[in-house]
Amino acid sequence: MVDVRITLSGLWVALMLTYLLGDVLRILSGDAAGFMSSGFDGKPVTQWMWLGMAALMLIPIVMVVLSLTVPHSAIRWITFVASALLFVINAVGLPTYPGLYDKFLIAVGLVLNGVTFWYAWTWHS
């Protein structure tokens, strides 16, 4: 059986790639250009907003490393928090995405977050 640490790392990589695919498709479809010019609810995007978005997108990347290096008891709780946080943020944001591809990829991300949480929940050392 594959070590749960490797499975968790693989799930975090899959989630990050799903997010990146959505970003690439958004750029290619032109949806990102509208975001760049209009920002959030017509308000320009500030440097602090960009920093927040970068920090949010960094979570799955950091989780890959932490899943492989942090002791079992700690990584279980870190995984619970990170996957639940990303699940809630994406679930709340789901209706705001106009593209069907975005909604599909967000739904895939929600499933990945659920599976990640489940693996951590059922993981016994």
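Structure: above.
Here goes a summary of the coordinates provided.

Thresholds applied
Residues numbered from 1 in each chain as written. Predicted model: local features only at pLDDT ≥ 70, side-chain atom pairs only at ≥ 80, totals over all residues. Heavy atoms only, no water. Salt bridge = Lys/Arg side-chain N within 4 Å of Asp/Glu carboxyl O. Helix = DSSP H or I, 4+ residues; strand = E, 2+ residues; numbered from the N terminus. Buried < 20%, exposed > 50% of the residue type's maximum accessible area, 1.4 Å probe, protein only. Phe/Tyr/Trp six-rings, centres within 6.5 Å; stacked < 30°, edge-to-face > 60°. Patch = residues over 30% accessible without salt bridge, like charges linked within 9 Å, V, L, I, M, F, W, Y side chains within 5 Å. Areas by Shrake-Rupley, 256 points an atom, 1.4 Å probe, with all protein chains shown as cover.

1. Some remarks on the pattern of salt bridges
- Here the structure, examined in full by the defined rule, presents 2 salt bridges.
- Here aspartate 23 ties to arginine 26 by a salt bridge, and the two come within 2.6 Å at their closest N and O atoms. Separated by 3 residues within a single helix, aspartate 23 and arginine 26 lie in helix α1 (residues 4–29), roughly one turn from each other.
- Given a relative accessible area of 27%, aspartate 23 falls into the partly exposed group.
- With a relative accessible area of 16%, arginine 26 lands in the buried category.
- Each member of the salt-bridge network shares a partner with another, and the members are Asp23, Arg26 and Asp102.

2. Quick look at the packing of aromatic side chains
- Taken as a whole and judged by the stated rule, the model has 5 aromatic pairs.
- Seen in terms of ring centroids, phenylalanine 80 and phenylalanine 117 are 4.9 Å apart; in terms of plane orientation they differ by 40°. Their pairing is tilted. Linking phenylalanine 80 in helix α4 (residues 72–93) with phenylalanine 117 in helix α5 (residues 100–122), this pair joins segments that are 37 residues apart in sequence.
- Judged by relative accessible area, which is 30%, phenylalanine 117 ranks as partly exposed.
- Chaining the aromatic ring pairs together yields one cluster made of Trp77, Phe80, Phe117 and Trp121.

3. Describing a nonpolar patch on the surface
- On the surface, a nonpolar cluster with roughly 360 Å² of combined accessible area is contributed by Leu21, Val24, Leu25 and Leu28.
- Relative to the assigned elements, leucine 28 resides in helix α1.
- Take leucine 28: its relative accessible area is 68%, and that puts it in the exposed class.

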